[in-house]
Amino acid sequence: MAPQHKKAAIIGSGPAGHTAAIYLARANIEPIMFEGLMANGFAPGGQLTTTTDIENFPGFPKGILGGELMELMRQQSINCGTVIETETIAKLDTSSRPFKIWREGYENQEEPTDTADAVIIATGASARRMDLPGEEKYWQSGISACAVCDGAVPIFRNKPLVVIGGGDSAAEEAIYLTKYGSIVHVLVRRGELRASKVMAKRLLSHPKVKVHFNTSPTEAIGDDRLLTAVATINNLTKETGKIEASGLFYAIGHDPATQLVKGKVELDEEGYIKTVPGSSVTNIDGLFAAGDVQDKRYRQAITSAGSGCMAALDAERYLSELESEGKI
């Protein structure tokens with residue numbers, strides 16, 4: 001059977017992927033989206049499907065559940081004319097045009113299942129977790145990997161909070177959380193911060209921050225409904241302890257979902273897809289990247305949506321140039 005061909009294919013179904021789909025569909029490009037089936041460990045819709053209340057996405061003054069927001073985006077993509085396949089892409093060949101795409105389960109066959117003139121990679125990233133006892137139970141019930149996303153939630157206001165990490169991201173998140181928490185404890189597993197001197201100075205001098213060096217968390221403790229404390233151990237003395245806390249925030253990094261394009265597209269030192277500044281353009285003509293797979297700084301739903309718009313416009317321009325040259 002001949003591969004199914006589309007002018008544009010989108011791999012990933014978070015805010016970046018759906019925004020790109022909406023723009024391309026409205027431009028009569030009839031894109032296909034491969035939303036993934038537990039790709040990168042997430043259900044279709046990506047990281048937001050694991051989030052409860054979202055209060056900072058414009059247009060929802062009363063807030064909205066993460067899964068509900070992604071379902072609305074999905075419906076809008078379909079309404080605009082996007083073909084959505086609940087399939088995970090296992091293999092992508094960018095060495096020739098059109099690009100060749102293999103769905104999961106077909107990656108060992110010679111003939112691809114799909115081809116596309118332009119491809120947008122919007123596979124996202126996942127926050128690193130620690131797999132602590134109690135983590136799964138209290139995830140999004142006191143445990144979060146995004147202070148900017150969740151810090152203002154009522155359960156954290158005027159309550160003691162804990163941040164894990166010793167780099168710039170941890171310092172930034174801890175200082176951000178001082179706006180809401182009564183005190184912010186920062187657990188650093190080593191005897192020093194990895195953060196830059198400027199960020200380290202700000203963190204250590206903040207009156208609402210207490211840094212615990214050589215300290216690691218060992219358990220997330222709660223009342224069966226919400227997190228109430230974090231058990232700790234001193235990595236040098238092995239002394240155990242417990243910090244009362246209503247919030248536990250991980251700031252230990254993210255892993256971009258770039259396995260599909262490793263060795264094909266240029267990545268930075270942390271594994272994120274490199275794009276031309278101010279665009280979604282990669283080093284491969286016709287291959288674009290949007291959302292958290294190329295954004296290691298902001299990582300917000302709204303910035304992902306914005307980069308999805310950029311990718312769609314960049315892809316549309318690329319396809320128009322190919323058409324004008326008679327190449328498609």
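Residues numbered from 1 in each chain as written. Predicted model: local features only at pLDDT ≥ 70, side-chain atom pairs only at ≥ 80, totals over all residues. Heavy atoms only, no water.

Per an unreviewed UniProt entry, the protein chain carries the name Thioredoxin reductase and comes from Rhizopus oryzae. UniProt lists a comment for the protein chain under the heading Subunit (unreviewed entry), and it reads "Homodimer." Per UniProt, the protein chain has the following entry under Sequence similarities (unreviewed entry): "Belongs to the class-II pyridine nucleotide-disulfide oxidoreductase family." (UniProt positions renumbered as here; feature names shortened; annotations may be inferred.)

A. Representation of helix α5 (residues 168-177) within the structure. Of all 10 residues in α5, seven are buried; the element is thus mostly enclosed. Taken as a whole, α5 has its buried residues at Ala-170, Ala-171, Glu-173, Ala-174, Ile-175, Tyr-176 and Leu-177. Considering only its buried residues, α5 is in contact with α4 (147-150), β11 (160-164), β12 (183-187), α6 (197-205) and β17 (247-250). (Buried < 20%, exposed > 50% of the residue type's maximum accessible area, 1.4 Å probe, protein only. Helix = DSSP H or I, 4+ residues; strand = E, 2+ residues; numbered from the N terminus. Contact = heavy atoms within 4.5 Å.)

B. The arrangement of unusual backbone geometry in detail. Omega for the peptide link from Arg-97 to Pro-98 comes to -5°, which places this bond in the cis form. Mapped onto the fold, Pro-98 is located in the loop between β6 (89-93) and β7 (99-103). Phi at Asp-224 takes a positive value of approximately 80°, unusual for a residue other than glycine. As for its position among the elements, Asp-224 is in the loop between β14 (215-222) and β15 (227-234). For Asp-224, a relative accessible area of 60% corresponds to the exposed category. A positive phi is found at Arg-299, a non-glycine position, where the angle reads about 55°. Looking at the secondary structure, you find Arg-299 in the loop between β19 (287-289) and α7 (301-324).

C. Fine view of the state of the cysteines. In the structure shown here, the tally under the stated rule is one disulfide. Looking at Cys-80, it has no disulfide partner, and the nearest cysteine sulfur is the one in Cys-309, 13 Å off. Overall, the relative accessible area of 26% leaves Cys-80 in the partly exposed class. Of the residues examined, Cys-309 reaches a relative accessible area of 16% and is grouped as buried. (Disulfide = S-S within 2.5 Å.)

D. Local environment of the sheet that holds β11. If you trace the five strands from one edge of the open sheet to the other, you get β10-β17-β11-β12-β13, paired in parallel fashion. Across the chains shown, the open sheet's two edge strands, defined by having one partner strand only, are β10 (143-144) and β13 (209-212). Bridging between β11 and β12 involves five bridges; their strand directions are parallel. Counterpart to Ile-164 in the pairing with β12 is Leu-187. (Pairing = 2+ DSSP bridges.)

E. Representation of the packing of aromatic side chains in the model. For the structure shown, the criterion picks out five aromatic pairs. With 6.0 Å between their ring centres and 70° between their planes, Phe-288 and Tyr-318 make a pair best called edge-to-face. Separated by 30 residues along the polypeptide, Phe-288 in strand β19 and Tyr-318 in helix α7 bring together distant segments of the chain. Across this residue pair, the class does not change: Phe-288 and Tyr-318 are buried. Over the face of the ring belonging to Trp-102 we find Lys-91, whose NZ or CZ atom lies 4.4 Å from the ring centre. One cation-aromatic arrangement involves Arg-129 over Trp-139; the distance from NZ or CZ to the ring centre is 3.6 Å. (Phe/Tyr/Trp six-rings, centres within 6.5 Å; stacked < 30°, edge-to-face > 60°. Lys NZ or Arg CZ within 6 Å of the ring centre and 35° of its normal.)

F. Inspection of the packing of helix α1 (residues 15-26) against helix α2 (residues 66-80) at higher detail. Closest axis-to-axis distance for the α1/α2 pair is 8 Å, and the angle between their directions is 20°. It follows that α1 is roughly parallel to α2 by the angle criterion. For α1 against α2, the interelement crossing comes out left-handed. In contact with Pro-15, His-18, Ala-21, Ile-22, Ala-25 and Arg-26 of α1, α2 contributes Met-70, Met-73, Arg-74, Gln-76, Ser-77 and Cys-80. Per-class residue counts for the contact of α1 with α2 are seven nonpolar, three polar and two charged. (Axes fitted to C-alpha atoms, helices over the stretch in contact; angles between N-to-C directions. Parallel < 35°, antiparallel > 145°, perpendicular 65-115°, else oblique. Left-handed = near helix turned anticlockwise from the far one by under 90°. Nonpolar A, V, L, I, M, F, W, Y, C, P; charged D, E, K, R; others polar.)

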